[in-house]
Amino acid sequence: MQKIETITAMRVAAAELRASGRRVALLPTLGALHAGHASLIRLAQARGDAVVVSAFVNPLQFGPSEDYAKYPRTPSADVAFAEREKVDVLFTPTAEEMFPKGFSTQLMEDYVSKPLCGVVRTALFRGTLTCWLKLMNIIQPAVLLMGEKDVQQVAVVRKAAQDLALPVEILVGPMVRDADGFAVSARNTYLSPAHREEALAVYRSLCRAKEMVYSGVKSADRIVAEVTHILAEKRRLRVIYILLVNRETMEAVREVVPGQHLLAISYWVDEVRLTDNFSL
Ligand code: AMP
């Protein structure tokens, strides 16, 4: 595996991979690599793609009151992880390398980005799109790997890729959960066992929503009311949003169409902001 920190060296390595005839798949991450990332790496490898993982805590996607400074950074573990997963290149640029002083260009998607996480976290999708477009310009991957953990991110990137005719295939892998159902995320390391125990109610409430749909309930209001009721019993949980949405547009829907819609939730467990979602 190559570990690369500069844009120039990354361009050369990516060109070599392409020249060897391999399709290059890029997995952009914030580092602190975990089982969710591994599943995406394996998805691409199973198709024979060469995999480039970028591990970079992108400052552009964090708002001023968010957790940029304390976001988990595990550089040596990431190298060992990427080696174990037989990643071809681990790209770990510094913030200065990606966004040097004076950097002043950003890419904004103005529709799918607006609801859900976009309401309060206004920097999130603009910062992600800008960073990913730069990564794609450096690496020129044939495939962009993303996880269903971040459904709105998938929808925003799909829309931007379509609007701008980006020459990349978007490959989306399923959500990876721990054995107890908790959605795997780097931010889970912020949680104490007591926090985690309370937050598990979120997974239970999403399962309950799915049961309701199986038993014929279609009304978004009824499903959201039930989920809210389950979560209201937990002292440390505060819901930011629970919405039934169309998976492509992120628009709220009134009636569930099984397979087309999903329940998206964001919540605080004390000071930790987490998201989850479930296809209904
Ligand atoms: P992150 O490092 O959190 O920015 O995630 C990088 C990519 O991995 C994104 O496309 C995420 O959606 C995906 N990812 C993160 N956690 C999971 C998970 N639990 N299951 C599947 N994909 C995930």
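Just above, that's the structure.
Presented here is a report on the structure given in the accompanying data block. (Residues numbered from 1 in each chain as written. Predicted model: local features only at pLDDT ≥ 70, side-chain atom pairs only at ≥ 80, totals over all residues. Heavy atoms only, no water.)

**What about the side chain of Glu-85?**
Part 1 of the reasoning: Note on placement: Glu-85 falls in the loop between α3 (75-84) and β4 (89-91).
Part 2 of the reasoning: A distance of 2.6 Å separates polar atoms of two side chains, one belonging to Glu-85 and the other to Arg-42.
Part 3 of the reasoning: Once residues within four sequence positions are removed from consideration, Glu-85 is found in contact with Ala-38, Ile-41, Arg-42 and Gln-45. (Helix = DSSP H or I, 4+ residues; strand = E, 2+ residues; numbered from the N terminus. Polar contact = N/O pair within 3.5 Å; in protein donor to acceptor, adjacent residues only side chain to side chain. Contact = heavy atoms within 4.5 Å.)

**Focus on the sheet that holds strand β7 (residues 237-246)**
Part 1 of the reasoning: One open sheet accounts for three strands, arranged β7-β8-β9; its pairing is antiparallel. In this open sheet, the two strands that pair with only one neighbour each are β7 and β9 (272-279). The mean inter-strand angle of the sheet, taken between neighbouring strand axes irrespective of direction, is 15°.
Part 2 of the reasoning: By the bridge criterion, eight bridges tie strand β8 (residues 261-269) to β9 in an arrangement that is antiparallel. Bridge assignment links Val-269 to a residue of β9, and that residue is Val-272.
Part 3 of the reasoning: Helix-sheet contacts for helix α9 (residues 220-232) involve β7 and β8, and the interaxial angle to β7 is about 160°. (Pairing = 2+ DSSP bridges. Axes fitted to C-alpha atoms, helices over the stretch in contact; angles between N-to-C directions.)

**Quick word on the site of the ligand**
Part 1 of the reasoning: Around the ligand there are 16 residues in total, and Leu-30, His-37, Asp-150, Val-176 and Val-184 lie nearest to it.
Part 2 of the reasoning: At 3.0 Å from an oxygen atom of the ligand is found a main-chain nitrogen or oxygen belonging to Gly-147.
Part 3 of the reasoning: In this structure, Asp-150 approaches the ligand through a side-chain N or O atom, which is 2.6 Å from an oxygen atom.
Part 4 of the reasoning: Out of a free accessible area of 480 Å², the ligand has 93% covered by protein chains.
Part 5 of the reasoning: The site holding the ligand turns out to be the largest cavity.
Part 6 of the reasoning: Listed by contribution, the elements that provide at least two residues to the shell around the ligand are β2 (24-29), α2 (35-46) and β5 (143-147).
Part 7 of the reasoning: Looking at the shell around the ligand element by element, the count peaks at three residues for α2.
Part 8 of the reasoning: Here the shell around the ligand is built from residues that sort into eight nonpolar, six polar and two charged. (Near = heavy atom within 4 Å. Areas by Shrake-Rupley, 256 points an atom, 1.4 Å probe, with all protein chains shown as cover. 1 Å grid on protein atoms, 1.4 Å probe; cavity = no way out; pocket = protein on both sides within 12 Å on 5 of 7 lines; lining within 4 Å. Sits in = over half its atoms within 2 Å of the grid points. Nonpolar A, V, L, I, M, F, W, Y, C, P; charged D, E, K, R; others polar.)

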